[in-house]
Amino acid sequence: MTMLSIHNLRVTIADKPILNGLTLDVPAGEVHAIMGPNGAGKSTLGYAVAGRPGYEATEGAVSWKGEDLLGLDPAERAAKGVFLSFQYPIEIPGVPALTFVRTALNAQKRARGEDEVSAPAFLKMVKAAAAALKMDFDMLKRPLNVGFSGGEKKRMEILQMALLEPSLLILDETDSGLDIDALRIVADGVNAMRRPDRAMLVITHYQRLLDYIRPDQVHVLAGGRIVASGGPELAHKLEAEGYDKYLPVAA
Amino acid sequence: MNAPVRIDLKDVSSFPTRRVEAWKYTDLHRALRETPPVSPHAEVAPGGPFAALGGDEWAVVNGRCVGFAGVVADGPGEQVARLRFVSTADGAGHQARVTVEVGAGASLLLLESYEGQAAAYVSNVALAISLGAGARLHRVVIEDDAADALSVSVAEVTMGKGSHFAQTVLTTGARLQRHETRLAHPGEGAEVRIDGLYLLDGARHADLTSVVSHAGLNGVTSQLTKGVVRDTARGVFQGKIIVERGADGTDARMGHHALILGERAEVDAKPELEIYADDVQCAHGNTVGNLDEAALFYMQQRGLPADEARALLTQAFLIEVVDRIEHDGAREVVREWLTARL
C-alpha cells in the first residue's frame, strides 16, 4: 500500500524552479533513498513535504495515507506523522531541550485528540530513549542544541524522532558532520524505527549512510525530478560513477 | 539639561512636551491638554500581584493611603513591603509622593505594583528612595495599567556607601506610560542592577528611562532591558550612564534588546554613555530584531502550532531579565505573570 504519494510536484523559490514535476511513491514499511548532486532540490523536497513557508508547491500533489498534505500547516502535518530531521538542526536559546520536546509531543497529542503525557511518564520515556542513543541526560536540561556538537545535534534529532513516533520520517543529510561512531549510533536509532506501518525517505549525497540504513529503493534526483530508480545497487553505482550522466549537458 | 521634570497634575504647564529632550518619545502634554478631575477617595481589598509573598501591604488608592508615612526598613533581617498604587476612578487623575527609606545595614524587598482598575485615569507617582550605608534594596515593579490610562512614575534614588540596589521593572504599558529611575551611584563597594522588561500590544506605549550617575571610584552598574512590541505598540528605552570626573574604575554595562513583532510597531532606543573620567569600563549593546523564521519553522515542524511557537520563542527571549531577579519568590511571581501575558 502506498503511504507517501508525490505527484508532479513543482516548487519555485525566488522565481527559480527547483522541483520540476517530481513524482514518487513510498509504500508502507519501506525505506527509500533520495540521492543527487548538490543543488538538485533534495532539501527542497523535504521542506516542501514538511510545509516550510516559502517552499509552497505551485503545482502537483502530496498525500500521506491518502490525505492531502499541501493544504495543512507544518504543525498539522507533524500531527499527521510527518517528521523532518534537519540537515542543520536549529539552536533555540532559552528553551531547554526537555521542555521543547514535551511541549511538541503534547501539542501533537492535543491536535490528534489524545491525552497528554504527564511529566513523570515523559521523563521515563526520555531517559530510556537517551540511554539507547548514548546521550547524557543532563544535556537535555540545556537549551535545545545550543553549544551541542554536530553529532549531538543529530542525536537530538533522532531522540525527538523516537519520542514523537512519526509515521513518515524524512532524513535530510543526516550523515553530514558525523564521524563513523556517531553515524553508527544514529543509524541504529533510525533502524530501530523501521516498522511495517512507517515509511522513510533518506536524503543523502553520499552512499556511505546507506551502508548503515539499507534502503529498499534508491532514486536519483537531478534537475528537480526523479531521473532514475533502482535497488540498493544503484547507490553503489552512483558512488563509483558519480552523478555526471544525470546532469544536464553543458551547452 | 539633566534636571528632572516635576509633573504636577494641577498645573498644565508642568506637563512635558516632546520638545523636552528627555520626553521626546513620551509627549505628556499632547496626551493631556488640561488638568484632569481629581479622583475620589476609595479603598481596595488587600491583594495585588505580590500578595502571596506576604510582608507589609501599603495600598495607595487614587493617590491616597490613610496613615501611611512612607516605607521604612530598619534592623536586621530582610523585610518585605508591598507597595500598591491602585487606580479605581474612570477619567480622573491623582498623584502621590512616597518615601522609601532603607536604614544603614538594613535589607528590604520592595514589591511595587501599579494596578489599573478603571478606564482613562491619570496616575502620577513620585518616589524618593534612600539607602543608608551598607543597605540592600531589591525593588521589583509590575505595571499593569489600563490600555487607555496615562501613568507616570519617577523615582529618585540616593545610595549610601557600600549599598546595593537591584531593580527590575516589568510593564505592559498604557496609552502613555513612563517609568523613570534617577540614581546617584556613590561608587566604591556600591552595586547597582537596573533592569526592565516591556511586553506591549494594541496601541500601548511604555517608556523605561533611567539615569545612573557615577560620582565615586570603582562603581559597578549592570543594566539589561528587553522588550517585545506587537500591533501598533511603541516601546521606548532611554538609558543614560554618566561617569563624573574622578569616578575612575567605574564598570558599567548596559544592554537593550527588542523584538518588533508588528509591522506598525515601533521601538525607540536611546542608550547614552557620558564619560568624564579615565580608566573606566563602559559598554552598551542595543539590538532590535524579529523572531527567527528558521526557529519558528523548526518548532512547528515538531508539532507546535504557530502561536505556541511564537509565544515560546518570545518567552525564551524575555526570560533572561526575569532570571536576573535574585529573590526566588519574586522571580516565580514574575515568571507566572509573564507567562500569562504571552
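Asks: What exactly am I supposed to notice about the overall build of chain B here?
Replies: Each helix and strand in chain B was counted, giving 4 helices and 17 strands. Taking 2.2 N^0.38 as the reference for a compact globule, 342 residues should give roughly 20 Å; the C-alpha atoms of chain B span a radius of gyration of 20 Å, in line with that estimate. A principal-axis box enclosing the C-alpha atoms of chain B has dimensions of 55 × 55 × 45 Å. Residues counted as buried form 56% of the 342 residues belonging to chain B. Counted over contacts in chain B with a minimum sequence separation of 6, partners at least 24 positions apart contribute 82%. Accessible surface for chain B amounts to roughly 13400 Å². Of this, 49% is attributable to carbon and sulfur atoms.

Asks: Sorry if this is basic, but what is going on with the overall build of chain A here?
Replies: What chain A contains, in helices and strands, is 8 helices and 12 strands. Relative to a compact globule of 251 residues, whose C-alpha radius of gyration would be 18 Å, chain A shows 18 Å and is just as compact. On the principal axes, the C-alpha backbone points of chain A span a range of 60 × 40 × 35 Å. Taking all 251 residues of chain A together, the buried fraction comes to 53%. Considering only intrachain contacts with a sequence separation of at least 6, the fraction spanning at least 24 residues in chain A is 69%. Of the accessible surface of chain A, which amounts to about 10900 Å², a share of 51% is contributed by carbon and sulfur atoms. Charge-centre separation for chain A: the mean point of 28 positive side chains lies 3 Å from the mean point of 31 negative side chains.

Asks: Looking at this structure, how should I read the sheet that holds strand 3 (residues 31-35) of chain A?
Replies: All names here are of chain A. Reading across the sheet, the 6 strands line up as 6-9-10-3-11-12 and stay open at both edges, with mixed pairing between neighbours. Two strands bound the open sheet, and with one partner strand each, they are strand 6 (82-85) and strand 12 (225-230). When the angles between neighbouring strand axes are averaged without regard to direction, this sheet yields 20°. Here 5 bridges tie strand 11 (residues 217-222) to strand 12, and the two strands are oriented antiparallel to one another. The residue bridging valine 218 from the neighbouring strand is glycine 230, located in strand 12.

Asks: For this particular structure, what's the right way to read the interface of chain B and chain A?
Replies: You'll often see interface size given as the accessible area lost when the parts meet. Counting from both sides, the interface comprises 15 residues of chain B and, opposite them, 30 residues of chain A. The junction of chain B with chain A conceals about 1800 Å² of combined surface from both sides, 70% of it contributed by carbon and sulfur atoms. On the surface where chain B and chain A come into contact, there are 2 salt bridges. For arginine 302 of chain B, the salt bridge is made with glutamate 157 of chain A, and the minimal N-O distance between the two is 2.8 Å. There are 10 residue pairs in polar contact (both at pLDDT 80 or more) connecting chain B and chain A. Counting residues per element, the ones that place at least two in the side of chain B that touches chain A are helix 2 (293-301) and helix 3 (306-323) of chain B. Element by element, the count of residues in the side of chain B that touches chain A is highest for helix 2 of chain B, at 7 residues.

Asks: What should I look at first to understand helix 4 (residues 328-339) of chain B in this one?
Replies: Since one α-helical turn is 3.6 residues long, residues separated by three or four positions face the same way. The first and last C-alpha atoms of helix 4 of chain B sit 16 Å apart over 12 residues, in line with the 16 Å expected at 1.5 Å per residue. In this structure, the buried side of helix 4 of chain B is in contact with strand 5 (107-116), strand 7 (136-144), strand 9 (164-171), strand 11 (191-200) and helix 3 of chain B.

Asks: How should the sheet that holds strand 5 (residues 67-68) of chain A be read in this particular structure?
Replies: Two modes of strand pairing occur in sheets, parallel and antiparallel, and in both the strands are linked by backbone hydrogen bonds. Residues and elements named next belong to chain A. Pairing in this open sheet of 4 strands is antiparallel, and the strands run 2-1-4-5 from one edge to the other. Pairing within the sheet leaves two strands with one partner each, and these edge strands are strand 2 (16-27) and strand 5. Here helix 1 (residues 42-50) sits on the sheet and contacts strand 1 (2-13), strand 2 and strand 4 (57-64); the angle it forms with strand 1, its principal contact strand, is near 110°.

Asks: Can you walk me through the packing of helix 2 of chain B against helix 3 of chain B in this structure?
Replies: When two helices pack together, their arrangement is captured by the angle between the axes and the distance separating the axes. Residues and elements named next belong to chain B. Contact geometry of helix 2 with helix 3 gives a least axis separation of 9 Å together with a crossing angle of 125°. Looking at the two axes, helix 2 sits oblique to helix 3. Between helix 2 and helix 3 the crossing geometry is right-handed. Of the residues in helix 3, those touching helix 2 at Ala295, Leu296, Met299 and Gln300 are Ala306, Ala309, Arg310, Leu312 and Leu313.

Asks: What am I meant to see in the pattern of salt bridges here?
Replies: Side chains that differ in charge, positive against negative, can pair when their charged atoms come close. Residues and elements named next belong to chain B. Here the structure, examined in full by the defined rule, presents 37 salt bridges over all chains. One salt bridge connects arginine 139 with glutamate 112, and the closest N-O pair in it is separated by 2.8 Å. Here arginine 139 is found in strand 7, whereas its partner glutamate 112 is found in strand 5, with 27 residues between them in sequence. The exposure classification of arginine 139 matches that of glutamate 112, with both residues buried. Among the ionic pairs, aspartate 268 bridges to arginine 234, the shortest N-O distance being 2.8 Å. Taken as a pair, aspartate 268 in strand 16 (residues 266-275) and arginine 234 in strand 14 (residues 234-243) lie far apart in primary sequence, 34 residues in all. We classify aspartate 268 as buried; its relative accessible area is 12%.

Asks: Teacher, can you tell me more about the packing of helix 3 (residues 97-111) of chain A against helix 5 (residues 150-164) of chain A here?
Replies: Residues and elements named next belong to chain A. Where helix 3 contacts helix 5, the two axes come as close as 10 Å, and the packing angle between them is 35°. Between helix 3 and helix 5 lies a crossing of right-handed hand. Touching Ala97, Phe100, Val101, Ala104, Leu105 and Gln108 of helix 3 are Met156, Gln160, Leu163 and Leu164, all from helix 5. Partitioned by chemical class, the residues of the contact of helix 3 with helix 5 number 8 nonpolar, 2 polar and no charged.

Asks: Which parts of the structure should I look at to understand the environment of isoleucine 34 of chain A?
Replies: Residue and element names in this part refer to chain A. Along the polypeptide, isoleucine 34 turns up in strand 3. In this structure isoleucine 34 comes out as buried when scored by relative accessible area, which is 0%. Taking the C-alpha atoms as reference points, isoleucine 34 and isoleucine 158, 124 residues apart in sequence, are found 19 Å from one another. Ignoring anything within four residues of it in the chain, the contact list for isoleucine 34 reads Leu24, Lys42, Leu45, Leu201, Val202, Ile203, Thr204, His219, Leu221 and Ile226.

Asks: How should the side chain of serine 113 of chain B be read in this particular structure?
Replies: Tracing the backbone shows serine 113 of chain B in strand 5. Among residues more than four places away in sequence, those in contact with serine 113 of chain B are Pro49, Leu83, Arg84, Phe85 and Ile142 of chain B.

Asks: Help me understand the packing of aromatic side chains in this model?
Replies: Applying the stated rule across the entire model yields 8 aromatic pairs over all chains. Here the aromatic rings of phenylalanine 100 of chain A and tyrosine 298 of chain B are separated by 6.0 Å at their centres, their planes lie at 20°, and the arrangement is stacked. Of this pair, phenylalanine 100 of chain A sits in helix 3 while tyrosine 298 of chain B sits in helix 2, which puts the two residues in different chains. Looking at tyrosine 298 of chain B, the relative accessible area reads 0%, which means it is buried. An aromatic cluster of three or more residues is present, and its members are Tyr47, Tyr55, Phe86 and Phe100 of chain A together with Phe297 and Tyr298 of chain B. In this structure, arginine 178 of chain B is placed above the aromatic ring of tryptophan 23 of chain B, and the distance from its NZ or CZ to the ring centre is 3.8 Å. Sitting above the plane of the phenylalanine 317 of chain B ring, lysine 226 of chain B keeps its charged end 4.4 Å from the centroid.

Asks: What's the story with the confidence of the model for chain A in this structure? I'm lost.
Replies: Interpretation of this model should avoid reading the predicted coordinates in detail wherever pLDDT is low. Looking at chain A, pLDDT values average 93 and 98% of them are 70 or higher. For chain A, helix 6 (residues 180-191) of chain A is the element with the lowest average pLDDT, namely 89, and helix 2 (residues 74-79) of chain A is the one with the highest, namely 98.

Cut-off values and rules
Residues numbered from 1 in each chain as written. Chains lettered and ligands numbered in written order. Predicted model: local features only at pLDDT ≥ 70, side-chain atom pairs only at ≥ 80, totals over all residues. Heavy atoms only, no water. Helix = DSSP H or I, 4+ residues; strand = E, 2+ residues; numbered from the N terminus. Rg over C-alpha atoms; globule rule 2.2 N^0.38 Å. Buried < 20%, exposed > 50% of the residue type's maximum accessible area, 1.4 Å probe, protein only. Contact = heavy atoms within 4.5 Å. Areas by Shrake-Rupley, 256 points an atom, 1.4 Å probe, with all protein chains shown as cover. Lys, Arg positive; Asp, Glu negative; His and termini not counted. Charge placed at Lys NZ, Arg CZ, Asp CG, Glu CD. Pairing = 2+ DSSP bridges. Axes fitted to C-alpha atoms, helices over the stretch in contact; angles between N-to-C directions. Buried area = accessible area lost by both parts, 1.4 Å probe. Salt bridge = Lys/Arg side-chain N within 4 Å of Asp/Glu carboxyl O. Polar contact = N/O pair within 3.5 Å; in protein donor to acceptor, adjacent residues only side chain to side chain. Expected span 1.5 Å × (residues − 1). Parallel < 35°, antiparallel > 145°, perpendicular 65-115°, else oblique. Left-handed = near helix turned anticlockwise from the far one by under 90°. Nonpolar A, V, L, I, M, F, W, Y, C, P; charged D, E, K, R; others polar. Phe/Tyr/Trp six-rings, centres within 6.5 Å; stacked < 30°, edge-to-face > 60°. Lys NZ or Arg CZ within 6 Å of the ring centre and 35° of its normal. pLDDT = per-residue confidence, 0-100.

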